Each structure stands twice: as structure tokens, then as C-alpha cells.
Amino acid sequence: MRKEAGKPQPASQNLIQKAFYKSTFLALWLLSVVLGVATGLTISYQAELMDEAKQVLQLANYKPSLVSQVIADDGKTVIGEFAFERRIPLSYDEIPERMKQAIIAIEDSRFESHWGIDPIGILRAGWRNFQAGATVEGGSTLTQQLAKMLFLTPEKTFTRKAKEALLAIQIERYFSKQQIMEMYCNQIFLGGGAYGVEAGAEYYFGKKLSELSLEEYALLAAIPKAPSYYSPIRNPKNARLRRDLVLENMAQEGFITRKECEEAKSKPIKLRLQSRDVNTNSPYAYFVEEVRQYMEDSYGTRKLHTSGLKIYTTLNVEAQRHAVQDVKRGLHEYDRRHPKWRGNLPNVIEDEQVKDLDSYHLPDWDHSLTEGAYVQGLVMQVTDKAAQVRFRDYMATVTAKEAALSRKSILETFKRGDLPIFYIKKLDHEKKQAFVVLEQLPAVNGAFVCIDVKTGEVKVMVGGYDFKYSKFNNATQANRQTGSVFKPFIYAAAIENGWTVDDYVADTPFVQGDWMPKNYDGKFMGVISLKTALAQSRNIPAVRLLQSVGVQKGAELVKRFGIKNPMAPYLPSALGATEVPLIELVSAYGVFANEGVLVEPHIIRKVVDYEGKVLEEFTPRSRQVISPYVAASMVTLMRGVVENGTAARIKSVTEGDLAKREIAGKTGTVNDFTDAWFIGYTPSVVAGFWIGYPGEKRSLGEGETGAQAALPVWISFMKYYLNGKPIEKFPKMPEPDSALKKLQAQRAKQILEELKTAMPEIDPSMLPLPPSLRPQDSDDPAEDGESEHRRQDLY
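Everything quoted here is computed from the prediction, not taken from an experiment.

Trainee: Could you clarify how one ought to interpret the overall build of the protein chain in this entry?
Mentor: The helix and strand tally for the protein chain stands at 26 helices and 24 strands. Going through the 795 residues of the protein chain one by one, you find that 52% of them count as buried. A sequence separation of at least 24 residues applies to 70% of the contacts in the protein chain between residues at least 6 apart. Here the protein chain has roughly 37300 Å² of accessible surface; of this, 52% comes from carbon and sulfur atoms.

Trainee: Is there a simple way to explain the sheet that holds strand β2 (residues 78-82) in this structure?
Mentor: To summarise the sheet geometry, strands pair through backbone hydrogen bonds and adopt either a parallel or an antiparallel arrangement. Strands sit in the order β2-β1-β5-β19-β20 across an open sheet of five strands; the sheet is mixed. The open sheet has two edge strands with one neighbour each: β2 and β20 (614-617). Across the sheet, the mean angle separating the axes of adjacent strands is 15° when strand polarity is ignored. When strand β5 (residues 310-313) meets strand β19 (residues 604-608), the two strands line up antiparallel, connected through four bridges. Across the sheet, the residue bridging to I311 is V607, located in β19. Its contacts with the sheet place helix α12 (residues 285-299) against β1 (68-71), β2, β5, β19 and β20, and it is angled at close to 45° to β2.

Trainee: Please clarify how the environment of K660 should be interpreted in this entry.
Mentor: Note that K660 resides in the loop between α23 (628-644) and β22 (664-669). Looking at K660, the relative accessible area reads 65%, which means it is exposed. Between the alpha carbons of K660 and I727 there is a distance of 7.9 Å; along the sequence they are 67 residues apart. Ignoring anything within four residues of it in the chain, the contact list for K660 reads K651 and I727.

Trainee: Honestly, the nonpolar core in this entry has me stumped. Any pointers?
Mentor: Across soluble globular proteins, nonpolar side chains have a tendency to be buried as a group. Judged by nonpolar contacts, the single largest core of 125 residues is most densely connected at F448, F489, F592, I650 and Y681. In this structure I650 touches V642, L658, A659, I663, F678, L711, W714 and I715, once residues within four positions along its chain are discounted. In this structure, L142, V197, I223 and M250 belong to the second largest nonpolar core, which totals 53 residues.

Trainee: Hey, could you run me through helix α22 (residues 582-593) in this one?
Mentor: Residue pairs three or four apart in sequence face the same way in an α-helix, which turns once every 3.6 residues. Its 12 residues place the ends of α22 17 Å apart at the C-alpha level, agreeing with the 16 Å of an ideal helix rising 1.5 Å per residue. Counting buried residues in α22 gives 12 out of 12 residues, a clear majority hidden from the surface. Listed in full, the buried residues belonging to α22 are L582, I583, E584, L585, V586, S587, A588, Y589, G590, V591, F592 and A593. E595 occupies a position one or two residues after α22 and carries a positive phi of about 55°.

Trainee: Help me understand the packing of helix α18 (residues 487-496) against helix α21 (residues 551-560) in this model?
Mentor: Geometrically, a packed helix pair is captured by the angle between its two axes and the distance between the axes. Here α18 crosses α21 at 110°, and the two axes come no closer than 9 Å. As the angle between them shows, α18 and α21 are arranged roughly perpendicular. Of the two possible hands of crossing, α18 and α21 adopt the one that is right-handed. On α21, the residues touching F489, A492, A493 and E496 of α18 are G554, L557, V558 and R560. Split into classes, the residues belonging to the contact of α18 with α21 amount to five nonpolar, one polar and two charged.

Trainee: I'm lost on unusual backbone geometry in this one. Help?
Mentor: In most cases, non-glycine residues show a negative phi, while peptide bonds are predominantly trans. Notably, E595 is not glycine yet its phi reads approximately 55°, a positive angle. Relative to the helices and strands, E595 resides in the loop between α22 and β18 (597-599). You can call E595 partly exposed: its relative accessible area is 39%. Within the chain, D672 stands out as a residue other than glycine whose phi angle is a positive 65°.

Trainee: Please clarify how the pattern of salt bridges should be interpreted in this entry.
Mentor: Close approach of charged atoms allows side chains with opposite charge to pair. Applying the stated rule across the entire model yields 49 salt bridges. Across the pair K697 and E579 runs a salt bridge, and its minimum N-O distance is 3.7 Å. Of the two residues, K697 is situated in the loop between β24 (685-692) and α24 (706-721) and E579 in strand β17 (residues 579-580); the sequence distance between them amounts to 118 residues. The structure contains a network of salt bridges with shared partners spanning R639, E643, K651, E662 and K729.

Trainee: What is the right way to read the sheet that holds β22 from this model?
Mentor: If you walk across this open sheet you meet the five strands as β13-β12-β24-β23-β22, and the pairing is antiparallel. One side of each edge strand has no neighbouring strand; the edge strands of this open sheet are β13 (458-462) and β22. Taking the axes of each pair of neighbouring strands and ignoring which way they run, one obtains an average angle of 5° across the sheet. Inspection of the sheet shows strand β12 (residues 445-452) paired to β13 by four bridges, in the antiparallel sense. Within the sheet, the bridge partner assigned to C450 lies in β13 and is V460.

Trainee: I keep staring at the environment of G330 and nothing clicks. Help me out?
Mentor: Inspection of the secondary structure assignment puts G330 in helix α14 (residues 317-337). Since its relative accessible area comes to 8%, G330 is described here as buried. Spatially, the C-alpha atom of G330 lies 8.6 Å from that of G446, the residues being 116 residues apart in sequence.

Trainee: In this structure, what is going on with the packing of aromatic side chains? I would like to understand it.
Mentor: The description of two aromatic rings rests on the distance between their centres and on the angle between their planes. This structure, assessed with the given rule, holds 24 aromatic pairs. Against the face of Y465 rests K328, its NZ or CZ located 5.1 Å from the ring centre. The cationic tip of R747 hangs over the ring face of W499; the distance from NZ or CZ to the ring centre is 3.7 Å.

Trainee: Before we go on, may I ask you to explain the confidence of the model for the protein chain in this structure?
Mentor: Should the pLDDT be low somewhere, the predicted coordinates at that spot are not to be read in detail. Of all residues in the protein chain, 84% attain a pLDDT of 70 or more, and the chain-wide mean is 88. The low-confidence segment residues 776-795, where pLDDT is below 50, has 26 contacts with residues more than four positions distant or belonging to other chains.

Trainee: Help me out: how do you make sense of the packing of helix α5 (residues 142-151) against helix α6 (residues 158-174) in this one?
Mentor: Interaxial distance between α5 and α6 falls to 8 Å at its minimum, and their mutual angle equals 110°. When the axes of α5 and α6 are compared, the pair comes out roughly perpendicular. Contacts from T143, Q144, A147, K148 and F151 of α5 reach α6 at R160, K161, E164, A165, L167, A168, I171 and E172. Looking at the contact of α5 with α6 residue by residue, the class counts come to six nonpolar, two polar and five charged.

Trainee: Explanation requested: the side chain of S587 in the structure shown.
Mentor: Mapped onto the elements, S587 comes out in helix α22. Judged by relative accessible area, S587 falls into the buried class, the value being 9%. If sequence neighbours within four positions are ignored, S587 has contacts with I451, L598, V599 and P601.

Trainee: How should I be thinking about the pairing of strand β8 (residues 387-391) in this particular structure?
Mentor: Put simply, side chains in a regular strand alternate between the two faces of the sheet. Most of β8 sits inside the fold, with four of its five residues counted as buried. Sheet topology note: the strand β7 (residues 378-382)/β8 ladder contains four bridges and is antiparallel. Across the sheet, the residue bridging to V382 is A387, located in β8. Examined bridge by bridge, β8 and strand β9 (residues 394-398) share five bridges and lie antiparallel to one another. Bridge pairing links A387 to V398 in β9. What sits between the antiparallel neighbours β8 and β9 is a turn of two residues, in which R392 has the positive phi angle 60°.

Trainee: Looking at this structure, how should I read α12?
Mentor: For α12, with 15 residues, the first-to-last C-alpha span of 20 Å sits near the 21 Å given by 1.5 Å per residue. Looking at α12, one finds that the buried residues are A285, Y286, F287, V288, E289, E290, V291, M295, E296 and Y299. Positive backbone phi, approximately 95°, marks G300, located one or two places after α12.

Each value, and the rule that gives it
- Residues numbered from 1 in each chain as written.
- Predicted model: local features only at pLDDT ≥ 70, side-chain atom pairs only at ≥ 80, totals over all residues.
- Heavy atoms only, no water.
- Helix = DSSP H or I, 4+ residues; strand = E, 2+ residues; numbered from the N terminus.
- Buried < 20%, exposed > 50% of the residue type's maximum accessible area, 1.4 Å probe, protein only.
- Contact = heavy atoms within 4.5 Å.
- Areas by Shrake-Rupley, 256 points an atom, 1.4 Å probe, with all protein chains shown as cover.
- Pairing = 2+ DSSP bridges.
- Axes fitted to C-alpha atoms, helices over the stretch in contact; angles between N-to-C directions.
- Core = buried A, V, L, I, M, F, W, Y, C linked by side-chain atoms within 4.5 Å.
- Expected span 1.5 Å × (residues − 1).
- Parallel < 35°, antiparallel > 145°, perpendicular 65-115°, else oblique.
- Left-handed = near helix turned anticlockwise from the far one by under 90°.
- Nonpolar A, V, L, I, M, F, W, Y, C, P; charged D, E, K, R; others polar.
- Salt bridge = Lys/Arg side-chain N within 4 Å of Asp/Glu carboxyl O.
- Phe/Tyr/Trp six-rings, centres within 6.5 Å; stacked < 30°, edge-to-face > 60°.
- Lys NZ or Arg CZ within 6 Å of the ring centre and 35° of its normal.
- pLDDT = per-residue confidence, 0-100.

Structure follows, in C-alpha cells:
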């Protein structure tokens, strides 16, 4: 139809003309695309050894950055990970069919039929974009996306797009569709530091990929196009729209039925976010950090974080979890003995800019949400009468009664988004209710270590209240004054130099220049046995023993026990002036339990590379530190601490079988109550706990002794750890060797001559002599007790 001058054209004619021009332009554009593709294809097949082909051929040996795993002593439980890119590779057969279908439906519906680039797909995408007046569909194939991820930068230029097409064609030439899908599923970035669909499933849903539901597969497939824009965390509306698009495409492609599609679309997005830093937010954090330091020193940072190593360790999962709660309980109990509300609660709205409290998830809830545990809760709502607090899928109502610790009103104590610490009294699993009591982060800190005395394996390591609050490991890094837990080394030096467990020592005033040491109670007991002296943790006898042995000999013996900080060459060292990390003391106490043999503590059993090759396997390193006789003598003395000394509380435990066991140990309290300790052992295991203020010499308070502040934590752990295990007995004391017998005889004669000269009028039965020189003891216990009393009167 010819256009008439000066007359307006009908609207329908204008629309036809516009459509004609647009369709002509589109046809020309599509023709150019097809010609370009054909040209690229021709060039590709002509150039067999072109750069793209060489690059693609290298994929046969390509090893993506892999996660190295830290594995517990059961050989299967993963307790930590190291990676620059968190990726858990799956084989093609391990990738669920629903996951593959979701990816194909949204990214490349003709994946199985094209040869790297898809002219039909390009035409279809162009037409849909033309109809929509915007870019709603891309023309890149899944293979092109893989090429971009592996070889190219994200720049948007014609040159980069051409290289992408050529690389995709070459990938299709050398690799099967299954191999391409496998590489794609393991390579894609899904946000949150997760690379690959398995890591994505764990990050967003806390599950393995094989455990996901249809709508969860669809959500994973929706994210890679723009991980930030389609993030279900930051942009849940965008994420749901694209998830639903994936489901719609799956229905159109025949992968799912219309009913399945609509049911999946009707479901809200439910996340169970896992922490990006699994090493920080777990009960194994301090131990895993020790593993990291060792591995980086031995293998380098890059190899550790990219090579997919498997690091098999000594840590016992259940024991570690129990110990973490025991340490927290001990610190909270101390905190409640010195109540002072400090406030300043962390708040996820203010600190982390969290908008959706309903989907917020704390890693602690995955492993610590049990009755008797100390766990953070999320304050969801606050009124003048109560706060509603969420613990994963459990809710708790916290009134002024439960929040009594703060001594303030509910509105003054909490605000929405706060993360207070609570003690879980009870969980109602049917009603999903939690009954809790408000606690707070203690200002004091502590550490706990448990070691197998025969193998040196570290079974438990708690370096503090929680790694997320402080990464300083009080078990390995804190050099603290040891107080009375140092005394057994002085006693061991004395036994090694001729003293016996049946000898007596003077608990009488001692003066050396201006120094006048005192006992804890400020009193003196006179002449007492070594058993009594150690059991009651008397200070003066320890000083006299070190004086008798000689400071240099004492220091040399301490060094043999594996204690790195040298003992100062002064008599006050007998009272624990030397600063030692907890792990060294616990390991050293293991010598007494292990018949005088020190087995160096270690945390790794073996290291295996991704191919299964063993790179390192630990062989216990041990050495004889003291003789079996000296070790057995110390066991006898230190059992006295538990039987009738400062740790006698162990024998009053009614739960389990702890009270029936042979246990030896020592409490420790440092001057001004700055540190409190207890280290104890059985024939097979040694464990110790320390409590104090890290980095400062601050008093724990009057009466906060080792027996009060440290021993209860040790008891709580050991009654769990030993329960049900065989009840063991320490080896019988062997005879001393000939050299030691000679020392004992020389020392006994020396004392006898000194006493006869000093006190010729005293009845020999009253003298504190070794058994070999003592007159026959009476069979009457009362008479023996009277003699002991009279010996004390002598001094």
C-alpha cells in the first residue's frame, strides 16, 4: 500500500510497518550470529593445535582447589576444614538426577544435543528478549559457562565471547557430556564461600546434596546466574522468583509434573545456614587451630588449603563436646559465686545487619542444644513482662525469674536481636519448648586437656570458653604459675635421690635470708610423713625437700619431664614459681602413670593426600624419664591426695564408678589465688584443668583454691569419660635398683647419726627414721598414732 502524502496512516498500518522493520532487523541480527558461529566453528576445526585446544587438553590433568579435612579419632567425623574455595567434589553418578535436571532446565535445555554452542538456543533467546523488550534469557550454553569459569575473566567484550565459544567447542570435542556436567556442578560459585553443589547444599541447608528436596535443588540451580542478586539471604524475594522459574522450566521440560511444580512453588524458602568458618564456630576449634599451625609449618599454606588433604587426628568427638560443656559449667559456676551483671550483649541486627531473624541460625545450635548445656539464644521479641527467645526450632519464654542474674527489668536486660547465653534446664521435644536460665559470658577463663598416657594422643583440648570470643589457646599458649601442682616434681627428685615414701619431713618454720615461706593455713604440723605433706599440700616440706636434693638436681629433673621453661635455681621454685602451659604439665604427669616413660603428646595420626597416598604417619616418641620405682613411689604419694588430701572429693562422687577407681593427682593454688589447677590420672589417662584471668595476675577471690575452682570440672569430665571402661590398677611398686638402694642407705645413716648426736636422750622409736633403720613397729594402731603425735611434738 502506497502512503498518501498529507494523510495520516491508520494505526494498524503503523504497527505493521514497525513490526516489519523490527523483524527485518532481527532477521539480519540472527543471520549475522549464525554466520559468526559458523565461521567460529570452521576456524576451530581448522586449528587443531590452537591455544584454546591446548588449554582444554590441560583439563584432563586439572585439579580444582579442594577442601582439606580434619578428621576425628573415629576415622570418619570431620571436625574442621581448610580451603581457599570451599569445594566438595562429586562424581557424575553422585550428583542427584534432580540436581542435573534443575540445572539443565534453567541454564541449557538443549545441553544433551548441542556441540558447545547452540545456534537454536541463541535464536530462541534473541526472540524472547525481543518480545520482552529486555534481556530475560541468555544464549550461552552450560559448556560456554564452564569455559568462562575455567579460563576467562568476566569482562563483557566481543573478543571474550568469541574465545568462550571456541573454548566451549573444544571442551565438547575432548570431554563427554557427563564429564562436562560433573565439572560444572563442582565448579559453580553459589555464594557464602561455597563452590560446587555439594558445598552449596551444606552451606544453605546444612545437608548433603543427596538429602535435598525438589524446591531446594531448584534454589541451588537458581543462584549461579548472579549469586548476590539471587542470594536467598540478602534478596529472598529475587531468589524465590528465580527458584520458581527453575521449577516452571523443569515442568515444561517434562522433568517434573505440574502438580510437583505447584507444590514445590508453594513452599517458602527455608534455610539452615552453616557458618562460613566452620573452624571457628565449633567445639573443636582450639584443637583444629593447633592442627592448622602444624600443617602450615609442615606443608605450607597453599598445599593445606588447596590439595584436599585428609588429616586424621587423635581427638575424641564425644569427649571433646562433653569437656567443652564441663569447662563452661565450671566457669559459669565461678561467675555465679562472684555475681556482677556486665551486659553489653551482642546483637545480630546491630552487629551483623541481619534483617530476617526467623532464618538466622547459630552454629552452636547444631552441636550444643542439649539439656545441661550453655548456649546462646536469639531474642525474637521483648515486652515488659517477658522475652521470647529462639534456640533453632525451640522457643523459650524468659521472665524476670529466669533473668534474675541481671537484677534488672526485662526491657532493661534484652532487646530484639540480642544473643544472650542461657543454661538449658529442659527441652520439651514435642512442644518445641526450652526452659532456660540467663547466664553471661564469664570474665574468667579456663583450659582443659586430656591425654592417653600410653600413646601420647591428645583426646581432648579446650583452650578457653569459646574460640569465637578469644582465639588465644590457654591450654598451649598460656604460661601460668603452677603453684602446688609443681610439687610432685620436687618430690620425685627427692625419691630419686634417696628419700622414700615412708620418710618424714619437718613442717616447721623455715627462714632463708628475708624469705619465710608459709603454709596455706598459716600453721605448722611438725614432723610429718611425705604422704601427709603432699596430700595436705604443705609448702614448707616441699622447700625442705628441694633444699635436701639441691636446686640444680631439681631443675634437671623438671627439664627431663618435657617442661620447656627452665625452673629458676632458687628454693621458691618448690612452690610453683615456674610458669608452664597446661598441656606440658598434663603430659608430664603422664610420666607417673606410665611407669616413668614420657610419651610426647601429639594431635595427628596421619596425613593422606587426595589420591590416598600417606604423606605422614605419626610414630610415638617416648623416653624413660624416671625409673619405674620412682614413678610408682609418686603414684603412692599422689593417691594420698585423692584418698585423704585436698582432692578427697573424688572419693565422694556417687554417680558412675569414679570413686571406685585408682586415681592419683594434685591440686594447685597460686599465691593470692591468681590461678587454680587440678591434674589427675589413672593408669591409662591423664587430664588437667586450669582457671584464671588470661594475661593478668588477678585474684580469683578468697578461697578459690584448686579444690574449689578446678577439681569439680575434672570430676565432671572424668566420671563421664571413664564410666563403663575397665577399672584399672596401677602397677605394683618394684624394688629400687642397687644404686638407689645405696643412696637410700647413705641418707638413712646420715639422718640417724644426726638425730643421735642432736637428741641422745630420745627413744629411737620416736625418731622419724626410714623403715630399714626404724625399730620394729607396734601392732597397735593407737600406739603408732601416739608415736606419730610425739614425733610432731619434737618439732
